[in-house]
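Coordinates in review
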Amino acid sequence: MKQPLLALVELNKYYGDVHVLKDVSFDINEGEFLTLLGPSGCGKTTLLRCIAGLERIQSGDILLAGTSIKELAPNKRNVNTVFQNYALFPHFNVYDNVAYGPRMKKSMGEAELKTKVAEVLELVQMSGYEQRMPHQLSGGQRQRIAIARALINEPAILLLDEPLGALDLKLRKHMQTELARLQRKTGTTFVYVTHDQEEALNMSDRIVVIDQGQVQQLGSPREIYNNPANLFVTSFIGDRNIFPVEVLQVGDDYSQVRLGEDVVAVRSSPSARGALSADDEAVLAILMDKMRISCEQMDNAFRGEVVSIHYAGSQIRIEVRVAGRILTVVEYQKLECECQVGDSVFVSWEESGAYLLPQEDGWEERGL
Amino acid sequence: MKTWKRNLLAVPILVWIGLLVGIPMVLVVALSFLSRDHLGNIVYQFTLDNYRRVLDPIYLRVFLNSLLLALLTGLITLLVGYPVAYITSNLPPRRRALALGLIMLPFWISSLLRTYGWMILLGNAGLINNVLLALKIIDKPLPMMYKFSTSLVGTAYMLMPFMIVAVFNSVDKLDRSLLEASYDLGASKWKTFFHITVPLTLPGIAGGFTLVFIPALGLYFVSDLLGGGNTVFLGNLIHTMATRGRNRPLAAAFSMGMIALVLMVLSLYMKASKDKTGEGLFQ
């Protein structure tokens, strides 16, 4: 079996009494773009800082290419970080900022350093900015310099802590493409922290979803989007209608559930298969943009009443009350049925957009 | 019109400075060019004699003493005060407030009393000598009073809080993520301190140095009491000339000399603080 580049083994981290990382274990493969995704305060940044050595872990181990690095100081670890606020040294110009790592480690002479700095600046498309001071650069430019300053050290892993958080939307989109390009070009392993699902889905080879200091799911963007492992992931990724239903019958692939008067067949999640049986309460999650509204009666649909219709540019958002619950339907093309507020309609969905999950204690209180 | 109205707000402070700083200053300058009779009364007759005496090599010694005292005071307060300020700013909030309070506490007591405190501590029959004698570590008192170094210790002690507060303010503003970035890029703690922390807190260092250096030039009662007048400093000299010496014009001329020294230091400070980004410090 191929050895992972970085192995996290049952990491535990406390701040005082607060347990911020709980038995976190997973592997990071060489050359991949891995994203740690979760809401703020979930422990993703702490996890990144533990890998960088800026935080100590109370138990567990961190293995870089098979060797434990948990006791090493940050300056002895072959990983580099791009900080959220870039942390460029304000008293150095771009050249000296980028040259800082090699100079501190005395890893090359000034002549070689000069070529090397030119190389990485070229890589991040910032050639010619050597003499600028950080305060003379825009946010996006600082970002690029921060990346260059880290990459010049040729780290085994580049850690990025919400690097696009401070940029405006347009620049953020651009930098997403740019980061993906840099990652492919250098072949460096990227570990990327974000709370933005779109960023994560766009750039990553694999995503680790974290909540309350625990890994919730690890998988490719497609897996995580289509087959969320539990209610947290279901609610955190993708825009879904999530509501309780009554289970009538559980099958390997499909289950029959009832909401109000309507009985429908939906995909069972792996976790639903073992845990659910007839007469249980379960949770049905349906992606809003895979739902349809029609005026005609049809199979596998909920009957409801239109509560509101919003035209938001390319999409139309329709709220429908079904058995006392409000479901949101997002349609992109012209509505199949010219409905008005108060009309009675039928709500159906593409099979792949719906997913049945077991009920979890207190999930509604947590605002999922 | 609006600017004119806004500038009106500055009038009280301008009047204040004009009355209490500007006019006395003009008087001192004027006085330094006047003569006196043998009783010490001022004679309104222009002369450059006073300045000639200021530049007399005999008094050069006094300028050098003062300069040395002020420089060493700045150095000592920096070496002692920087770590104190650095550690204080890294304390958790409650202990930090306590530490800052303790640093400020001496200001509640008259500085004259505190200087007498040093005499009680350092005198031949003082606390330290008594304890050492009682413990039979020494058999006769160590002479610790009335030396240059005694004045130095007293002056440095008196001005220490200024340095600590000035450095504290600039260390406190230091972005901690810059230090983390430095470790992350392979620098040890010491390298980080000298390449990142020191240059970025240079304005605080320069400010503290200025705040300490200037009063150290003129703090005459400390060197009077602790130095016993064995080393003559500018402050003592001016004080003596204006009072017992009954030569206020000469005292005024020496004051101008001291002001010249202060201006030199201030111009250095302006240079250091303008260079906030520290460009060229490590080339």
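Residues numbered from 1 in each chain as written. Chains lettered and ligands numbered in written order. Predicted model: local features only at pLDDT ≥ 70, side-chain atom pairs only at ≥ 80, totals over all residues.

1. Things to note about the overall build of chain A
- In terms of regular secondary structure, chain A is built from nine helices and 20 strands.
- Across its three principal directions, the C-alpha atoms of chain A cover 75 × 45 × 40 Å.
- Long-range pairs, those at least 24 residues apart, make up 67% of the contacts in chain A with a sequence separation of at least 6. (Helix = DSSP H or I, 4+ residues; strand = E, 2+ residues; numbered from the N terminus. Contact = placed C-beta atoms within 7 Å.)

2. A closer look at unusual backbone geometry
Residues and elements named next belong to chain A.
- Here the phi dihedral of Asp-23 falls at roughly 45 degrees; this positive angle occurs in a residue that is not glycine.
- C-beta crowding within 10 Å serves as the criterion here: with 15 such atoms nearby, Asp-23 is assigned to the partly exposed category.
- Although it is not a glycine, Ala-87 adopts a positive phi angle of roughly 50 degrees.
- Here Ala-87 lies in the loop between strand E6 (79-82) and helix H2 (94-105).
- Ala-87 gets classed as buried once you count the C-beta atoms within 10 Å, which come to 25. (Buried ≥ 20, exposed ≤ 12 C-beta atoms within 10 Å, placed from the backbone.)

3. Quick notes on the nonpolar core
- Residues Ala-148, Val-191, Ala-282, Leu-284 and Val-347 of chain A are the most contacted members of the largest nonpolar core, which totals 110 residues.
- Three or more residues apiece are contributed to this core by two domains, here domain 1 (6-231) and domain 2 (232-358) of chain A.
- Aside from chain neighbours lying at most four places away, what touches Ala-282 of chain A is Val-245, Val-247, Val-257, Ala-272, Leu-276, Leu-356, Leu-357, Pro-358 and Gln-359 of chain A.
- Ranked by size, the runner-up nonpolar core spans 45 residues in total, among them Phe-63, Val-167, Ala-216 and Leu-237 of chain B. (Core = buried A, V, L, I, M, F, W, Y, C linked by C-beta atoms within 7 Å. Domains from an automatic or database assignment.)

4. Brief notes about the domain arrangement of chain A
Residues and elements named next belong to chain A.
- Parsing chain A into structural domains produces domain 1 (6-231) and domain 2 (232-358).
- Taking only C-alpha atoms into account, the centre of domain 1 sits 38 Å from that of domain 2.
- Between domain 1 and domain 2, the residue contacts involve 14 residues of the former and 13 residues of the latter.
- Residue assignment for the side of domain 1 that touches domain 2 shows that the elements contributing at least two residues are strand E9 (206-211), strand E10 (214-219) and helix H7 (221-226).

5. Here we look at the pairing of E10 of chain A
Residue and element names in this part refer to chain A.
- Sheet topology places E9 next to E10; five bridges connect them, and they run antiparallel. Note on E10: the bridge partner recorded for Val-208 is Leu-218.
- Remark: two residues form the turn of the hairpin made by E9 and E10, two consecutive strands paired antiparallel; Gln-212 in that turn has positive phi of roughly 50 degrees. (Pairing = 2+ DSSP bridges.)

6. Side note on the interface of chain B and chain A
- Taken residue by residue, the interface counts 17 residues in chain B and 20 residues in chain A.
- Those elements that place two or more of their residues in the side of chain B that touches chain A are helix H9 (176-184) and helix H10 (189-200) of chain B.
- The greatest single-element share of the side of chain B that touches chain A, amounting to six residues, is contributed by H9 of chain B.
- Residue composition of the side of chain B that touches chain A, by class: eight nonpolar, five polar and four charged. (Nonpolar A, V, L, I, M, F, W, Y, C, P; charged D, E, K, R; others polar.)

7. Concerning the environment of Leu-357 of chain A
- Along the chain, Leu-357 of chain A turns up in strand E20 (residues 354-358).
- Among residues more than four places away in sequence, those in contact with Leu-357 of chain A are Asn-230, Leu-231, Thr-234, Ser-269, Ser-271, Ala-272, Ala-282, Val-283 and Ala-285 of chain A.

8. A short note on the sheet that holds strand E5 (residues 67-68) of chain A
Residue and element names in this part refer to chain A.
- Ordered by their spatial adjacency, four strands build an open sheet running E2-E1-E4-E5, and the pairing between neighbours is antiparallel. Two strands in the sheet have a free side with no partner beyond their single neighbour: strand E2 (18-28) and E5.
- Pairing of strand E4 (residues 59-64) with E5 involves two bridges; the strand directions are antiparallel. Looking across to E5, one finds that Leu-64 is bridged to Thr-67.
- Sitting on the sheet, helix H1 (residues 44-52) is in contact with strand E1 (6-15), E2 and E4, with an inclination near 65 degrees to E2. (Axes fitted to C-alpha atoms, helices over the stretch in contact; angles between N-to-C directions.)

9. Side note on helix H12 (residues 220-227) of chain B
Residues and elements named next belong to chain B.
- Looking only at H12, the buried set comprises Val-222, Ser-223, Leu-226 and Gly-227. Viewed end-on, H12 has its buried residues packed into an arc of 90 degrees, placing them on one side of the element.
- Of the surrounding secondary structure, the elements contacted by the buried residues of H12 are helix H6 (111-122), helix H8 (148-173) and helix H13 (234-242).
- Among the residues trailing H12, Gly-228 stands out with phi positive, at a value near 60 degrees. (Arc of directions from axis to C-beta.)

10. Re the packing of H2 of chain A against helix H3 (residues 110-123) of chain A
All names here are of chain A.
- Two elements in contact, H2 and H3, have axes separated by 10 Å at closest approach and are oriented at 115 degrees. H3 is crossed by H2, and the crossing has right-handed handedness. For the pair H2 and H3, contact is made by Tyr-95, Val-98, Ala-99 and Pro-102 and by Leu-113, Lys-116, Val-117, Val-120 and Leu-121, respectively.
- Of the residues assigned to the contact of H2 with H3, the class counts are eight nonpolar, no polar and one charged. (Left-handed = near helix turned anticlockwise from the far one by under 90°.)

11. Details of the sheet that holds strand E19 (residues 344-349) of chain A
Residue and element names in this part refer to chain A.
- The five strands lie next to each other as E15-E19-E16-E17-E18, forming an open sheet whose pairing is antiparallel. Every other strand in the sheet has two partners, leaving strand E15 (291-294) and strand E18 (325-331) as the edge strands with one partner each. Geometrically, the sheet is characterised by an average inter-axis angle of 40 degrees between neighbouring strands, direction not taken into account.

12. Notes on the confidence of the model for chain B
All names here are of chain B.
- Model confidence for chain B is summarised by a mean pLDDT of 90, while 95% of its residues fall at 70 or above.
- Taken together, the stretch residues 277-283 has pLDDT below 50 and engages in 10 contacts with residues farther than four places along the chain or on a different chain.
- Taken over the whole predicted complex, pTM reads 0.83, whereas the ipTM for its chain interfaces reads 0.85. (pLDDT = per-residue confidence, 0-100.)

13. Here's the deal with the packing of helix H4 (residues 139-151) of chain A against helix H5 (residues 169-186) of chain A
All names here are of chain A.
- Viewed as axis vectors pointing N to C, H4 and H5 meet at an angle of 20 degrees, and their least axial separation amounts to 12 Å. With respect to each other, H4 and H5 are oriented roughly parallel. Our pair here, H4 against H5, has a crossing hand that is right-handed. Taken together, the residues of H5 that come into contact with H4 (itself represented by Gly-140, Gln-143, Ile-147 and Leu-151) are Leu-171, Met-175, Leu-182 and Thr-186.
- Residues belonging to the contact of H4 with H5 are distributed by class as follows: five nonpolar, three polar and no charged. (Parallel < 35°, antiparallel > 145°, perpendicular 65-115°, else oblique.)

14. Observations regarding the environment of Ile-259 of chain B
- Within the secondary structure, Ile-259 of chain B sits in helix H14 (residues 248-274).
- It is 27 Å that separates the C-alpha atoms of Ile-259 of chain B and Tyr-146 of chain B, two residues lying 113 residues apart in sequence.

15. Describing the environment of Gly-218 of chain B
- When you line up the elements, Gly-218 of chain B lands in helix H11 (residues 202-218).
- In this structure Gly-218 of chain B touches Leu-234, Gly-235 and Met-258 of chain B, once residues within four positions along its chain are discounted.

16. Concerning the pairing of E4 of chain A
All names here are of chain A.
- Bridge analysis of E1 against E4 gives five bridges, and the strand direction is antiparallel. Paired with Leu-6 across the bridge in E4 is Leu-64.
- Connecting E4 to the antiparallel partner E5 that follows it, the hairpin turn spans two residues, and Ala-65 within it adopts a positive phi of roughly 50 degrees.

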